[in-house]
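Fold and geometry: a report
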Amino acid sequence: VFDLDGDKFVNVDLSMEVGIDRAARLDLVGSRLADVIISPDLPQAAKVFTDRNKGRMFAIFRHPVDRAVSMYYYLSTATWDPMYNPKLKEMSLQEYAKSSSVENNWLTRFLVGKK
């Protein structure tokens, strides 16, 4: 447990499967040391919970259309980003949405269990 100005944090990395497995072995949830568990990998993170120590999930999502529109404008101007695509400046938003350049939404795949 790490203390930062009176706020306590548990030093477990739940962003990768190896860290999730470690948290499960250490019985992180059963220890009651953490009030909130954050992980980008919902199916794997479920391993840290048990029938005795269940979790509740909450999620905050940006509207997928807003996200796609924002990505279009960002990738057409963000010259510093490796994903920058100057060809997007020549496309309309509708052309972008129908093109192979449109973002492949990983979050949707994760939520339905298809990596």
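For the structure given in this document, a descriptive report is provided here. Predicted model, so just to flag it, every value in this text is computed and none were measured.

1. A word on the packing of aromatic side chains
Tallying each qualifying case throughout the model produces 3 aromatic pairs. On the basis of an interplanar angle of 65° and a centroid distance of 4.9 Å, the ring pair of Tyr-72 and Tyr-73 is categorised as edge-to-face. A relative accessible area of 7% means that Tyr-72 is categorised as buried. The class for Tyr-73 is partly exposed, based on a relative accessible area of 49%.

2. As for the side chain of Asn-85
Here Asn-85 lies in the loop between α4 (64-77) and α5 (93-98). Residue classification places Asn-85 among the buried residues on the basis of a relative accessible area of 18%. With sequence-adjacent residues up to four places away left out, Asn-85 is seen in contact with Leu-75, Ser-76 and Ser-101.

3. What to know about the pattern of salt bridges
What the rule picks out here adds up to 2 salt bridges. Across the pair Glu-17 and Lys-47 runs a salt bridge whose closest N-O atoms are separated by 3.3 Å. With Glu-17 in helix α1 (residues 17-25) and Lys-47 in the loop between α3 (42-45) and α4, the pair connects residues that are 30 residues apart, well separated along the chain. Assessed through its relative accessible area of 38%, Lys-47 is described here as partly exposed. Salt-bridge contacts for Lys-47 lead to Asp-21; the nearest nitrogen and oxygen are separated by 2.7 Å. Linking Lys-47 in the loop between α3 and α4 with Asp-21 in helix α1, this pair joins segments that are 26 residues apart in sequence. A relative accessible area of 26% places Asp-21 in the partly exposed class. Connected through shared salt-bridge partners, Glu-17, Asp-21 and Lys-47 make up one network.

4. Notes on unusual backbone geometry
The backbone phi angle of Asp-5 is positive, close to 55°, even though this residue is not glycine. Inspection of the secondary structure assignment puts Asp-5 in the loop between β1 (2-4) and β2 (7-9). For Asp-5, a relative accessible area of 75% gives the class exposed. Its identity is not glycine, yet Arg-32 carries a phi of approximately 65°, on the positive side. Within the secondary structure layout, Arg-32 lies in the loop between α2 (28-31) and α3.

Calculation criteria
Residue positions are counted from 1 within each chain, in the order its sequence is given. Given that this is a predicted model, residues contribute local features only at a pLDDT of at least 70 and side-chain atom pairs are listed and counted only at 80 or more, while totals for whole chains, interfaces and linings are drawn from all residues. Processing note: side-chain calculations cover all non-hydrogen atoms of the structure and skip hydrogens and water entirely. We call Phe, Tyr and Trp rings a pair once their centres come within 6.5 Å, taking the six-membered ring for Trp, and we label the pair stacked below 30 degrees between planes, edge-to-face above 60, and tilted otherwise. Relative accessibility decides the category of a residue: with a 1.4 Å probe and only protein chains considered, values under 20% of the type maximum give buried, values over 50% give exposed, and everything between is partly exposed. Only DSSP runs of H or I with at least four residues qualify as helices, and only runs of E with at least two residues qualify as strands; both kinds are numbered from the N terminus onward. Here, two residues are considered to be in contact whenever any of their heavy atoms come within 4.5 Å of each other. A side-chain nitrogen of Lys or Arg and a carboxyl oxygen of Asp or Glu constitute a salt bridge if their distance falls within 4 Å.

That's the geometry; what it means functionally is another story.
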